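# Per-entry structural report
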Amino acid sequence: MVLSMTNSQLRTMYMRDHPPIIRPALEVHRLTSVSSFLHTRMHSSARNLWFRLLHNKVPSKVNLRPILRLPDEMCVFCGGRETTAHMLFTCPSHADAWTNYFALVFVPSGPLNMDQVSQDIMSLNLQEYRLLDSELKVSVFEAVTCLLTSVWRAKWQHHFDAVAPDNQSIVDRAMVNLRHLSALNIL
Ligand SMILES: [Zn+2]
């Protein structure tokens, strides 16, 4: 089945639920992000999440429904359709975590538009994001990843351990990870 598909069909399959990549893959800013991705010292679980994201293999309900025959695609927190972007970025239940984390780490550029943030992150277009001046030695890519993995972890804690996600805890954990990563980068 897969072998008989054209390249564009394969691409459509792998990119479903992802924003289209409009810019050519070899632009310098994307190479910078990809380079950050390849050279970061972040934990293997974060790398694993990134590989899932880039290949649209995040186990959101929309992705799992056809495989597990789930009865619905609804987010348990808000009732929205649980796409990958919804699960990790745009669900209103963790909007405060993104907003507060961005206020702590990034130079503000108007109200946070999570649809745009999710598209930028999932296509590694991070050149518009600037870190606030601080002693932290991390890249934009690493800073984004710290919150992403914290949201991811909170989702699974809710799923497996029935721990209600708490936005302040999500931000706290992301900041701990950020400082840890910075210390590794300074070494
Ligand atoms: Zn939701």
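It should be noted that the structure appears before, not after, this text.
A few points on the structure. (Residues numbered from 1 in each chain as written. Predicted model: local features only at pLDDT ≥ 70, side-chain atom pairs only at ≥ 80, totals over all residues.)

### Focus: the environment of Phe77
When you line up the elements, Phe77 lands in the loop between helix 4 (61–68) and helix 5 (84–90). In contact with Phe77, other than residues within four places in its own chain, are Cys91 and Ser93. (Helix = DSSP H or I, 4+ residues; strand = E, 2+ residues; numbered from the N terminus. Contact = placed C-beta atoms within 7 Å.)

### Observations concerning helix 3 (residues 44–54)
Taken as a whole, helix 3 has its buried residues at Leu49, Trp50 and Leu53. For helix 3, the arc enclosing every buried residue in end-on projection is 100°, short of the 170-degree limit, so these residues lie on one face. In this structure, helix 3 carries Ser44 and Phe51 as exposed residues pointing more than 90 degrees from its buried face. Note on helix 3: the residue one or two positions beyond its end, Asn56, has a positive phi of about 50°. (Buried ≥ 20, exposed ≤ 12 C-beta atoms within 10 Å, placed from the backbone. Arc of directions from axis to C-beta.)

### Quick notes on the packing of helix 8 (residues 140–161) against helix 9 (residues 167–186)
At a closest axis distance of 8 Å, the pairing of helix 8 and helix 9 adopts a crossing angle of 135°. Considering their axes alone, helix 8 and helix 9 lie oblique with respect to each other. Relative to helix 9, the crossing made by helix 8 is right-handed. Between helix 8 and helix 9, the contacting residues are Glu142, Ala143, Cys146, Leu147, Thr149, Ser150, Val151 and Ala154 on the first element and Ile170, Arg173, Ala174, Asn177, Leu178 and Leu181 on the second. Its residues placed into classes, the contact of helix 8 with helix 9 shows nine nonpolar, three polar and two charged. (Axes fitted to C-alpha atoms, helices over the stretch in contact; angles between N-to-C directions. Parallel < 35°, antiparallel > 145°, perpendicular 65-115°, else oblique. Left-handed = near helix turned anticlockwise from the far one by under 90°. Nonpolar A, V, L, I, M, F, W, Y, C, P; charged D, E, K, R; others polar.)

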